[in-house]
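# Structure at a glance
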Amino acid sequence: MSSQEEILSDGRFSCVTRDPRFWEMPEKERKVKIDKRFRAMFHDKKFKLKYTVDKRGRPVNYTSTEDLRKFYALSESDSDLSGSDSKEQTKTKKKKKKAKPKGEAES
């Protein structure tokens, strides 16, 4: 670490600490936001690949969906909407299920 401190204190490299091009990207901005149309790629079998070896031939034990979760995130507004949509859909399904037995009893 002392070598890194020496580099940063050197006058030739002092602009690196102030230049935004060299700043680390914030965690919130690292992932690409996608909307609810593409949320199926996190659980669809078409997007899932099981890796057995890495690029150097070493055995690994992970799938491509883990990479997708690392680089992509559902947009916050769509994730909130999807949660409320699913609640509304379950309510309508319950109502429809209750309505069917009453209709069968009348006829």
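Above this text you will find the structure in question.
Residues numbered from 1 in each chain as written. Predicted model: local features only at pLDDT ≥ 70, side-chain atom pairs only at ≥ 80, totals over all residues. Heavy atoms only, no water.

### Some remarks on the overall build of the chain
When helices and strands are tallied, the chain shows five helices and four strands. In the chain, the succession of α and β elements from N to C terminus is α-α-α-β-β-β-α-β-α. As presented, the chain carries roughly 10,000 Å² of accessible surface, and 55% of it is formed by carbon and sulfur atoms. (Helix = DSSP H or I, 4+ residues; strand = E, 2+ residues; numbered from the N terminus. Areas by Shrake-Rupley, 256 points an atom, 1.4 Å probe, with all protein chains shown as cover.)

### Some points on the pairing of strand E2 (residues 50-53)
Note that E2 and strand E3 (residues 59-63) share three bridges and pair antiparallel. Note that in E3 the partner of Lys-50 across the bridge is Thr-63. Here E2 folds back onto E3 in antiparallel fashion, the turn holding five residues, of which Gly-57 has a positive phi close to 90°. (Pairing = 2+ DSSP bridges.)

### What to know about the pattern of salt bridges
Evaluated as defined, the whole model comprises five salt bridges. A salt bridge links Asp-19 to Arg-21; the shortest N-O distance between them is 2.6 Å. Exposure remark for Asp-19: the relative accessible area of 17% places this residue in the buried category. Linking Asp-35 and Arg-37 is a salt bridge whose minimum nitrogen-to-oxygen distance equals 2.8 Å. For Arg-37, a relative accessible area of 64% corresponds to the exposed category. (Salt bridge = Lys/Arg side-chain N within 4 Å of Asp/Glu carboxyl O. Buried < 20%, exposed > 50% of the residue type's maximum accessible area, 1.4 Å probe, protein only.)

### Things to note about helix H4 (residues 64-71)
Residues of H4 that are buried: Ser-64, Thr-65 and Leu-68. Taken around the axis of H4, the buried residues stretch over an arc of 100°, which confines them to a single face. Looking at the buried side of H4, the elements it contacts are E2, E3 and strand E4 (72-74). (Arc of directions from axis to C-beta. Contact = heavy atoms within 4.5 Å.)

### Focus on a nonpolar patch on the surface
Together, Ile-7, Phe-13, Val-16 and Phe-22 give the surface a local cluster of nonpolar side chains, amounting to about 360 Å² of exposed area. Locating Phe-13 in the fold gives a position in the loop between helix H1 (2-9) and helix H2 (14-18). Here Phe-13 falls in the partly exposed class, since its relative accessible area comes to 36%. (Patch = residues over 30% accessible without salt bridge, like charges linked within 9 Å, V, L, I, M, F, W, Y side chains within 5 Å.)

### Structural notes on the environment of Met-41
With respect to the helices and strands, the residue Met-41 is situated in the loop between strand E1 (32-34) and E2. Note on Met-41: relative accessible area 12%, which makes it buried. Distance from Met-41 to Arg-69, taken between C-alpha atoms, is 9.8 Å for residues 28 residues apart in sequence. Each residue touching Met-41, except ones within four places of it in the same chain, is listed here: Ile-34, Phe-47, Leu-68 and Tyr-72.

### Details of the side chain of Thr-65
Position of Thr-65 among the secondary structure elements: in helix H4. Here Thr-65 is in contact with Phe-42 and Lys-48, once residues within four sequence places are set aside.

### Considering the environment of Arg-18
On the secondary structure map, Arg-18 appears in helix H2. Under the relative-accessibility criterion, Arg-18 is labelled exposed at 59%. One polar contact links Arg-18 to Ser-14, side chain to side chain, over a distance of 3.4 Å. (Polar contact = N/O pair within 3.5 Å; in protein donor to acceptor, adjacent residues only side chain to side chain.)

Take it as geometry only, folks, not as evidence of what the structure does.
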